[in-house]
There are 2 protein chains.
Amino acid sequence: MEGFRVLEIKKSVFENNDREADKLREELKKEKTFLLNLMSSPGSGKTTTLKATIAALKDEMRIGVMEADIDSDVDAHTIAETGAKVIQLHTGGMCHLDAGMTKQGLEGLGTENIDFAILENVGNLVCPAEFDTGAVKNAMILSVPEGHDKPLKYPLMFSICDVLLVNKIDVMPYFDFDLEKCTEYVKKLNPNIRIIPISARTGEGIDEWAGWIRAQVAEWNK
Amino acid sequence: MEGFRVLEIKKSVFENNDREADKLREELKKEKTFLLNLMSSPGSGKTTTLKATIAALKDEMRIGVMEADIDSDVDAHTIAETGAKVIQLHTGGMCHLDAGMTKQGLEGLGTENIDFAILENVGNLVCPAEFDTGAVKNAMILSVPEGHDKPLKYPLMFSICDVLLVNKIDVMPYFDFDLEKCTEYVKKLNPNIRIIPISARTGEGIDEWAGWIRAQVAEWNK
């Protein structure tokens, strides 16, 4: 018994992705399910952050996770160990998910008993930024080893996110990462973004991040 | 005086990218220019590796660099400081380069006096793997902080590369990176790939990497 299933999602047939995304949000509103779209580069710590997030929130809300990947199911295995409901989505080589693909994932996951659903998008700072998935909020992770100049090079991703987690701050002493400069670059693109430094490994900052989610979920269910 | 120019490259109009790539390689062969396509995630250290590579080889070959990015010219600035010939390519939002786009870049760079040309592709482990750029060899960087499970999640990228640089080995003690496991995953996908552990920052492994390039360039000019 695996604890999760793998769903091969298909390229959407809808012409107007933005309209599909809005429709999906309306459905989520009715079901009282808050959907977060979590994006980042490969290896920035999305899955470790999710594990820490689930541990912090699982006693107060029902959590469901969609792990999107080109291939493999290593992340779904990791998340299944937390006890959260999880499904692995395979994108068939696609480097992002649009609203139609997200909807297939949500149907596969089953959202009727989920308060907080998370889409772990494909690890990529380019394509996922271009498609509204239908999520209520967009979050991204930038990890310290990637460098503070990434907002200059992938501006769209930093522009469309509501919250930025700066992860792996525990290894800050070993890298030339300037958090002040990073904040300056990001705020120039997106003045309203919330920036939360965390270490998913040590747990630093996870309380603040869990608090942000708690507030968003409450707001969505008003 | 900037030391480099910025070229907005346009989406290709060619239907058969593989044929265009083969044609480009034939032209490069005639010109005795060896083209390397360098790929990785954002923040794995492509530009720092390039700086170390140029320092190691600039006295024995004429080097030209194409810095491809969605936006910004921070990398071209960095490379211009090395004294190598450099051009910044903007992909107009595209997450990869195909052969036609690479050809535009090479024409912008000017290859008549270049022995070793390097395309620093867009930071992305998905899309760039799907398009033959016309390069003679494909190289990729995986950095230690990204984790050793990346070959499982982005198998195509690891399958199409001739050489894998495992970068940032100087920070190995601070991360749970298993080089043996990584090697096992990669060799399963691509038994003939050459794996070279390096630290672009400390210079460890750069001699071996420069030796690999030296041998490839010599082979290409035979």
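Residues numbered from 1 in each chain as written. Chains lettered and ligands numbered in written order. Predicted model: local features only at pLDDT ≥ 70, side-chain atom pairs only at ≥ 80, totals over all residues. Heavy atoms only, no water.

(A) Main features of the nonpolar core. Counting residues in hydrophobic clusters, the biggest one holds 148 residues, and the most contacted among them are Phe116(A), Trp209(A), Phe116(B) and Trp209(B). Sequence-distant contacts of Phe116(A), defined by excluding residues within four places in its chain, comprise Phe34(A), Leu36(A), Thr53(A), Leu57(A), Met61(A), Arg62(A), Ile63(A), Gly64(A), Ile213(A) and Val217(A). (Core = buried A, V, L, I, M, F, W, Y, C linked by side-chain atoms within 4.5 Å. Buried < 20%, exposed > 50% of the residue type's maximum accessible area, 1.4 Å probe, protein only. Contact = heavy atoms within 4.5 Å.)

(B) Looking closely at the environment of Met39(B). All names here are of chain B. With respect to the element layout, methionine 39 can be found in strand β2 (residues 34-40). Separated by 122 residues in sequence, methionine 39 and cysteine 161 place their C-alpha atoms 9.0 Å apart. In this structure methionine 39 touches Lys46, Asn121, Pro128, Ala129, Asn138, Ala139, Met140, Ile141, Met157, Ile160 and Cys161, once residues within four positions along its chain are discounted. (Helix = DSSP H or I, 4+ residues; strand = E, 2+ residues; numbered from the N terminus.)

(C) Quick peek at the pattern of salt bridges. Overall, the coordinates contain 22 salt bridges over all chains when judged by the stated rule. Among the ionic pairs, Glu219(A) bridges to Lys222(A), the shortest N-O distance being 3.3 Å. A relative accessible area of 46% places Glu219(A) in the partly exposed class. Classification of Lys222(A) by relative accessible area gives exposed; the value is 75%. With a closest N to O distance of 3.0 Å, Arg201(B) and Asp170(B) form a salt bridge. Of this pair, Arg201(B) sits in the loop between β8 (194-197) and α8 (206-220) while Asp170(B) sits in the loop between β7 (163-167) and α7 (179-189), placing them 31 residues apart in sequence. Arg201(B) gets classed as partly exposed once you look at its relative accessible area, which sits at 45%. (Salt bridge = Lys/Arg side-chain N within 4 Å of Asp/Glu carboxyl O.)

(D) Seen up close, the packing of helix α1 (residues 17-31) of chain B against helix α4 (residues 99-109) of chain B. All names here are of chain B. Interaxial distance between α1 and α4 falls to 8 Å at its minimum, and their mutual angle equals 30°. Judged on the interaxial angle alone, α4 and α1 are roughly parallel. From α1, Asn17, Glu20, Ala21, Leu24, Glu27 and Leu28 reach across to α4, where they touch Ala99, Gly100, Thr102, Lys103 and Leu106. Classifying every residue of the contact of α1 with α4 gives 5 nonpolar, 3 polar and 3 charged. (Axes fitted to C-alpha atoms, helices over the stretch in contact; angles between N-to-C directions. Parallel < 35°, antiparallel > 145°, perpendicular 65-115°, else oblique. Nonpolar A, V, L, I, M, F, W, Y, C, P; charged D, E, K, R; others polar.)

(E) The sheet that holds strand β3 (residues 63-69) of chain B, seen in detail. All names here are of chain B. One open sheet accounts for 8 strands, arranged β1-β4-β3-β5-β2-β6-β7-β8; its pairing is parallel. With partners counted over all chains shown, the strands left at the sheet margins are β1 (5-8) and β8, one partner each. Taking the axes of each pair of neighbouring strands and ignoring which way they run, one obtains an average angle of 20° across the sheet. The strands touched by α7 within the sheet are β6 (137-143), β7 and β8, with β8 carrying the most contacts at an inclination of about 160°. (Pairing = 2+ DSSP bridges.)

(F) Region of the structure containing the relation of the copies chain A and chain B. Once turned by 180° and shifted 0.0 Å along the axis, chain A lies on chain B with an RMSD of 0.0 Å. The symmetry that links the two subunits is that of a two-fold axis. A symmetric contact is evident, with 100% of the interface residues of chain A recurring at the interface of chain B. (Least-squares fit on C-alpha atoms with pLDDT ≥ 70 in both.)

(G) Spatial organisation of α8(B). Residues and elements named next belong to chain B. The terminal C-alpha atoms of α8, which comprises 15 residues, lie 21 Å apart, in line with the 21 Å expected from a rise of 1.5 Å per residue. Among the residues making up α8, those that are buried are Ile206, Trp209, Ala210, Trp212, Ile213, Gln216, Val217 and Trp220. The buried residues of α8 occupy one face: seen down the axis, they fall within an arc of 155°. (Expected span 1.5 Å × (residues − 1). Arc of directions from axis to C-beta.)

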